[in-house]
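Fold and contact review
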Amino acid sequence: MTQYPKMRSLKMLSRLLLGAALTSVSPTQADIIPAGAGNISDTVNPAGYKCVVDHGTWIHNAGVVEPGVSSCSPIGAPTPRYPQLVAPASNKPTMTHRWWGSIPFLGAMQTGNSQDAAYITPDPISARISERGARILSIPAGLQTQDNQTIYPVPDPFSEVFDGIAVGNSAYGNMQAFLKDYSDGSVTLQWRSGTTPVMEATFVHGSPFVYFTALAGNLVLRTKAADGAEKGLFHQGGNTLGLWTDVAGVRNHFLAIGEGGVQFNNPGGSEITVANSGRLTIAWLPASGTPDSGMIQTFAQYGAQPVDELFIDYAVNRGNNSVTVSHQYRYRGAPVTTLAGLAPLHWKNSSQPLSAYKARSARGMLRFAATSQFSYQLPFVGVLPYFPEGIGDYDTNQLQALVMEFINRGQANWNTATDTYWAGKNYGKVAELAAIARSNGMTAQADQLINWLKAELEDWFRANTSGGLDINKYFAYDGNWNTLLGMDESFGAHQQLNDHHFHYGYFVRAAAEICRVDPGWCAPGAWGSMVELLIRDYAAGRDDAMFPYLRNFDPANGFSWASGHANFTLGNNNESTSEAANAYGAIVLYGLITGNDALVDRGIYLHASSSAAYWEYWNNLDRYRGLGGDYDNFFPDYDKLTTSIIWGQGHVFSTWFSGAYAHILGIQGLPLSPLVLHIGQHPDYLRDYVTLGMTESPNGKPSGLPEDQWRDVWWNIWAMTDGQAAVDDFNTMNFNYTPEAGETKAHTYHWVHTYKQLGHLASGDGSLSADYPAALAFDNNGRKTYLAYNFGGSARTVTFSDGASFSVPAGQMSVNGGGQPPPPAFELQIEAEDYTAMAGVQTEATSDDGGGLNVGWIDAGDWMAYANVEIPEAGDYRVEYRVASEASGGRLSLDMNAGQTVLGEVDIPVTGGWQNWTTVQHTVQLPAGSYQLGIFAAQGGWNINWFRIVKI
């Protein structure tokens, strides 16, 4: 196939960078291009090639190349892969990571070739671009639930046509396909025969229409069969032809709309030639039965108006940091009215009037509206650089010891990875650790960690630290693919341009912590230019000459894609929403630190949309809230609470690397930091999420998981819904576990204890907001805690929408307007063995925190009384009970004055041992005064160590 490499000049940091292919040449021939104090290369060093043999020979660190080489010993010469582009796309940065990402990467899929699997997914349309033209399918007609997934299992996926229609050209049967143009939500491709343009097509996300143009020959409609059981006509008149297909249980209704004078020759056959019309619109009709005349007329009317651009923009309201996203449909630069398809993220958050036409598609119910534009609003959760000291009830000495345990491993051992992902995870966790250490009085140790990070990043940020071109730990710019490639490659970050937001987001997170304490490090003449190059690679602004706009984020869908080449029958995919949010939250931090408002707004948009999409599409929160019908995004026969990998043509409950539930659900919770607090927005949902994630744990808790199933990740997640339970289970391990690669023991210890006191995230869902991006609120049974960090150079007042307002000093964290959270209005802990009277119980030594005695041998009907309990004022009180139950669980009742007043009851869960402690609680109303409280065993089989009364 003829390649079309881009040969153009690009401006980079006041220099011109040749946009030739990224080549593998002698290091002495490399151009080293400065960026502040750092630099990048325009070539790859062949000395850094890596090769593995695994059902073939696979080369790494060679740039965007064909995956195979002739040999691994010696390593064969790689074959560069060039983007499939023609003008005007060839004059713009090469876009990848869209629902159509396979087009610039792979061009035409060869019919019959199972290695060419790519389908593009504008949803509700799906299409395979081949040398014969385009195979057109509808996702709603083909979706089905199978086991733990709802997907479109495309039948006979490598044929030109099967369960739908194909559009080809009467004069050409072996064409090449190229990306011609693209917008935020549309793509136009061109087929050529040699250098001769033959035909073009434009696909628009959410649209039921595909717009074809014949540049030579005539357009041809092909079906699997002629009129009969698998194909027929439902309409013929004027310039329209309606045909249905019913193959392999998939029934579709298509309307072909031509220009005036169009002729559909041989309409009853399997090949229909379109004569006297250079343009043709194919409309998929959302009909459950034969389309009626009203539907035909409506779709014919709007289908006659072409759309060649879907422009998607955003605006951030800095008063509450909410985001308004707008979609506008255009043709040749002017707005046009069309039938726009609004996905659930759109129509659930919009006031746009909708038509009666709808279809259940990959993301849920797609609703159609006759409009030229629509907009929708999303809240922003907020981000923090760290959780401050003094909130959690952790032992500061223990925390400091855990920090020192990590530091004592030495600078040579904390990071041995040389690839962008695993090294990046190490940088991210050390950034978190440095912030925790600094806020807990370990300034020298925090500075040491920051210096470690500086040394690592400065190594990466210079391509010639060795004097010549480095072998690894450097970045090279590819002017054909308009991307930065880090050496070493992992997870296809070169060959398929996979996961750049995941990898580079960790680098930006680490840089943000360095610059929080040393702003000069991020100056343009220092290392800031290199940091911004990484941001621009995965999330560039519009009209960036070096990088495509928002490479990894898909504005039409509202979330990110991980794959660059998207060579899958199911389309493109994305798994870890938390790593995407980490990357976008890091942009917010970096923008606040450097005073770059455009970066702050961009990061807020990307983070807010990613968070909202997580709850909409991965977790299907409306079903959990009891909403059905159009609001339920999952098929009724998909019975899982959540899903893990979103595909263009469905979703699956799995991971790329494991079938363990702890991995399938835990992948959405790493890394856990104050950049990804959206995970805890709905603590009741999260409680059941944790239960599902622990399905395969013998004790139903993280402590029961195997060593490699992320116990600490799960403690962090659990703490966001039940901090006490997470702390209790964490304590059972006595720090005897291996941290996940992006975690440290100090961070997990600090996190679970802090969340235990904070309770649940209270802001970020739109009901409670702040006027500063680094400000959040938490609620622990009615007790609010407000956190804000001021990145500015002078004090600022932060105001929350509930009226809370306080001044935050420059460069400092404020808790409720001060340095520490206020003490509870009233808190009284009573040891269980300190009863003044009892019946039927005994005491024993306890192994719970604090030691002493606990009460045991509790049977149904037993009781304990506690005299002279002083209640300062009438109101609601939270009563917590420290309990254990080996096998049966139980139930206790709290009463007042020898049982005259029953205050409430609470169930006691099975904890798996008489000394496996957990805390349960309920809320009761107490009058002011001095009383005798009683604990009565409504059902026995449990121990109690203490109970605590807290005013709320």
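As the structure is a prediction and not an experimental result, all values here were calculated from the model.

**As for the packing of aromatic side chains**
Aromatic rings considered in pairs are described by the distance between their centres and by the relative angle of their planes. Considering all chains together, one arrives at 59 aromatic pairs under this definition. Ring centres of Y614 and W615 lie 5.3 Å apart, and the angle between their planes is 70°; on these two criteria the pair is classed as edge-to-face. Among the aromatic residues, those joined into a cluster by ring pairs are W414, Y427, W452, W460, F475, Y504 and F507. Across the ring face of F653, the terminal group of K640 is positioned such that the distance to the ring centre comes to 5.3 Å. Positioned above the aromatic ring of Y877 is the side chain of K951, whose terminal nitrogen or guanidinium carbon lies 5.6 Å from the ring centre.

**Thoughts on the pattern of salt bridges**
A full pass over the atoms with the stated rule returns 43 salt bridges. The partner of D544 in a salt bridge is R536, with the nearest N and O atoms 2.7 Å apart. Residues D544 and R536 agree in their burial class; the two are buried. Residues joined in a network through salt bridges with shared partners are R132, E160, R222 and E271.

**Brief notes about the sheet that holds strand β9 (residues 125–130)**
Taking strand neighbours across the sheet as the criterion, the 6 strands line up as β9-β10-β13-β18-β23-β22 in an open arrangement whose pairing is antiparallel. For this open sheet the edge positions go to β9 and β22 (263–265), each flanked by a neighbour on one side alone. In this sheet, neighbouring strand axes are inclined to one another by 25° on average, regardless of whether the strands run parallel or antiparallel. Pairing between β9 and strand β10 (residues 133–138): 6 bridges, direction antiparallel. Bridge assignment links I125 to a residue of β10, and that residue is S138.

**Side note on the state of the cysteines**
Think of a disulfide as a covalent bridge from one cysteine sulfur atom to another cysteine sulfur atom. Under the definition given, this model contains 2 disulfides. The disulfide partner of C51 is C72, and the S-S distance across this bridge is 1.9 Å. Measuring the twist about the S-S bond at about -70°, one finds the C51-C72 disulfide to be left-handed. Taken as a pair, C51 in strand β7 (residues 50–53) and C72 in the loop between β8 (57–60) and α1 (102–106) lie far apart in primary sequence, 21 residues in all. Of note for the protein: the bonded cysteines, numbered N- to C-terminal, pair according to 1-2, 3-4.

**Describing unusual backbone geometry**
Between S73 and P74 the backbone carries a cis peptide bond, its omega angle lying at 0°. With respect to the helices, strands and loops of the structure, P74 is situated in the loop between β8 and α1. Despite not being glycine, H97 shows a phi value in the positive range, around 55°. Here H97 lies in the loop between β8 and α1.

**Notes on helix α7 (residues 443–460)**
For α7, which comprises 18 residues, the first-to-last C-alpha distance of 26 Å matches the rise-based estimate of 26 Å (1.5 Å per residue) to within 8%. Among the residues making up α7, those that are buried are A446, L449, I450, W452, L453, K454, E456, L457, E458 and W460.

Conventions used here
Residues numbered from 1 in each chain as written. Predicted model: local features only at pLDDT ≥ 70, side-chain atom pairs only at ≥ 80, totals over all residues. Heavy atoms only, no water. Phe/Tyr/Trp six-rings, centres within 6.5 Å; stacked < 30°, edge-to-face > 60°. Lys NZ or Arg CZ within 6 Å of the ring centre and 35° of its normal. Salt bridge = Lys/Arg side-chain N within 4 Å of Asp/Glu carboxyl O. Buried < 20%, exposed > 50% of the residue type's maximum accessible area, 1.4 Å probe, protein only. Pairing = 2+ DSSP bridges. Helix = DSSP H or I, 4+ residues; strand = E, 2+ residues; numbered from the N terminus. Axes fitted to C-alpha atoms, helices over the stretch in contact; angles between N-to-C directions. Disulfide = S-S within 2.5 Å. Expected span 1.5 Å × (residues − 1).

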